[in-house]
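Examination of the molecular architecture
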Amino acid sequence: RVSVIDDVLTGNGHGDKMLADILSQDEDAKILSIRAMNDNGFGTISSLVAAMEYAIDQKVDYINLSLYARTTLTTSVLEQEIIKATKAGIVVIGAAGNDDVKDYVPGSVMEAYIIGAAKEDGTRQTLSNFGDTVDYNVVADSTSDATALFTGYVSKNGLDSVADVLNKGFVYAAN
């Protein structure tokens with residue numbers, strides 16, 4: 001674990017929950033946990049960019065962004081960082097968020113895999129975003145959990161394996 005915001009390595013438990021979700025799908029995952037948000041779940045664009053830069057420098061395979069922010073001129077920097085990571089060969093997996101996806105980052109970033117939350121029957125959770133950039137919905141109570149579960153699944157099985165489980169009880173088509 002590292003922190004780009006202070007000397008504290010633990011926070012409100014959100015990161016630990018995402019860690020548990022990833023490990024529930026890939027118990028052998030090697031995870032670099034980067035604290036970029038405060039105990040209230042808020043962070044700055046600069047702290048998120050710093051965390052992504054750190055991950056890129058460490059040559060990670062995946063970046064999980066179980067978070068969302070409204071699309072603004074300021075958040076366009078985060079969008080560019082996501083694109084930079086994908087150009088470096090890193091798979092970026094982001095939460096769809098909880099409103100219209102076109103108005104949120106990472107939800108509106110085409111280069112990332114955007115994950116929404118679904119009910120057991122595959123229908124979208126009412127709290128989960130929808131839109132053109134949502135790639136999949138994963139059975140979970142929140143988009144953050146869905147994103148972490150998807151990250152764990154693809155870290156173990158690869159992106160190509162998603163086709164094998166699509167619409168069969170875990171990962172669903174976004175539509």
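For the structure, check the block above.
Below is a summary of the structure that appears in this document. Residue indices begin from 1 for each chain and proceed along its sequence in written order. Whole-chain, interface and lining totals are the exception, using all residues; otherwise, since this is a predicted model, local features are given only for residues with pLDDT of at least 70 and side-chain atom pairs are given and counted only at 80 or more. Side-chain descriptors were evaluated using all non-hydrogen atoms of the structure, hydrogens and water having been removed beforehand.

**Some remarks on the pattern of salt bridges**
Threshold: A pair is scored as a salt bridge if a Lys or Arg side-chain nitrogen falls within 4 Å of a carboxyl oxygen belonging to Asp or Glu. Segments assigned H or I by DSSP are reported as helices when at least four residues long, segments assigned E as strands when at least two residues long, and all are numbered from the N terminus. Each residue is placed in one exposure class: buried if its accessible area under a 1.4 Å probe, protein chains only, is under 20% of its type's maximum, exposed if it is over 50%, and partly exposed if it falls in between.
Under the counting rule described, the total for this entry stands at six salt bridges. Here D21 makes a salt bridge to K17, at a shortest N to O gap of 2.9 Å. Of this pair, D21 and K17 both sit in helix α1 (residues 14-25), four residues apart, which is roughly one turn of the helix. Using a relative accessible area of 40% as the deciding quantity, one classes K17 as partly exposed. Salt bridges sharing partners connect three or more residues here, namely K17, D21 and D145.

**Things to note about helix α2 (residues 45-57)**
Counted only if it meets this: A helix is expected to reach a length of 1.5 Å times the quantity of its residues less one. We call two residues contacting when some pair of their heavy atoms lies within 4.5 Å.
For α2, built from 13 residues, the straight-helix expectation of 18 Å at 1.5 Å per residue is met to within 8% by its first-to-last C-alpha distance of 18 Å. In the core, the buried residues of α2 are packed alongside β2 (34-35), β3 (62-65) and α3 (76-87). Backbone geometry just after α2 places K59 at a positive phi near 60 degrees.

**Points about the packing of aromatic side chains**
Our working definition: Only Phe, Tyr and Trp rings are paired, with Trp represented by its six-membered ring, and only when their centres lie within 6.5 Å; those with planes under 30 degrees apart are stacked, over 60 edge-to-face, the remainder tilted.
Following the criterion strictly, the structure yields three aromatic pairs and no others. Judged by centre distance (5.1 Å) and plane angle (70 degrees), the rings of Y68 and Y104 are edge-to-face. Of this pair, Y68 sits in the loop between β3 and β4 (69-70) while Y104 sits in strand β6 (residues 104-105), and the two are 36 residues apart along the sequence. A relative accessible area of 6% places Y104 in the buried class. Here Y153 and F170 contribute two aromatic rings whose centre-to-centre distance is 5.8 Å and whose plane-to-plane angle is 55 degrees, an arrangement assigned as tilted. Of this pair, Y153 sits in helix α4 (residues 143-157) while F170 sits in the loop between α5 (162-165) and β9 (171-173), placing them 17 residues apart in sequence. A relative accessible area of 10% means that Y153 is categorised as buried. The class of F170 is buried, set by a relative accessible area of 19%.

**Overview of unusual backbone geometry**
Phi is mostly negative for residues that are not glycine, and the peptide bonds are mostly trans. Omega for the bond connecting V105 with P106 falls within 30 degrees of zero, at 10 degrees, which places this linkage in the cis form. Within the secondary structure, P106 sits in the loop between β6 and β7 (113-118). Positioned with a positive phi, K59 is a non-glycine residue whose angle comes to about 60 degrees. Positionally, K59 belongs in the loop between α2 and β3. Backbone geometry at N167 places phi at a positive 65 degrees, although glycine is not the residue there.

**A closer look at the pairing of β3**
This is how it is decided: A pair of strands is labelled paired if DSSP reports no fewer than 2 bridges between them.
Residues I63 and L65 line the buried face of β3, whereas the alternating positions Y62 and N64 sit on a face that is not buried. As paired elements, β3 and strand β5 (residues 91-95) share four bridges and run parallel to each other. Residue pairing in the sheet places N64 in a bridge with I93 of β5.

**Examining the layout of surface pockets**
Just so we agree on the cut-off: Every definition here rests on a 1 Å grid over the protein atoms only: cavities are sets of points where a 1.4 Å probe fits but cannot get out, pockets are open sets enclosed by protein on both sides within 12 Å along at least five of seven lines, and lining residues have some atom within 4 Å of a point. Grid points are joined across faces, edges and corners, and a volume is the space filled by probe spheres set on the points. Each residue gets one of three labels, nonpolar for Ala, Val, Leu, Ile, Met, Phe, Trp, Tyr, Cys and Pro, charged for Asp, Glu, Lys and Arg, and polar for the others, Gly among them.
In this structure, the largest pocket occupies an estimated 1,300 Å³ of space. G15, S33, I34, N64 and S66 are the residues nearest the centre of the largest pocket, which is lined by 47 residues in total. By residue number, the principal contributor to the lining of the largest pocket is α1, which donates six residues. Here the residues of the lining of the largest pocket are counted per class, giving 23 nonpolar, 16 polar and eight charged.

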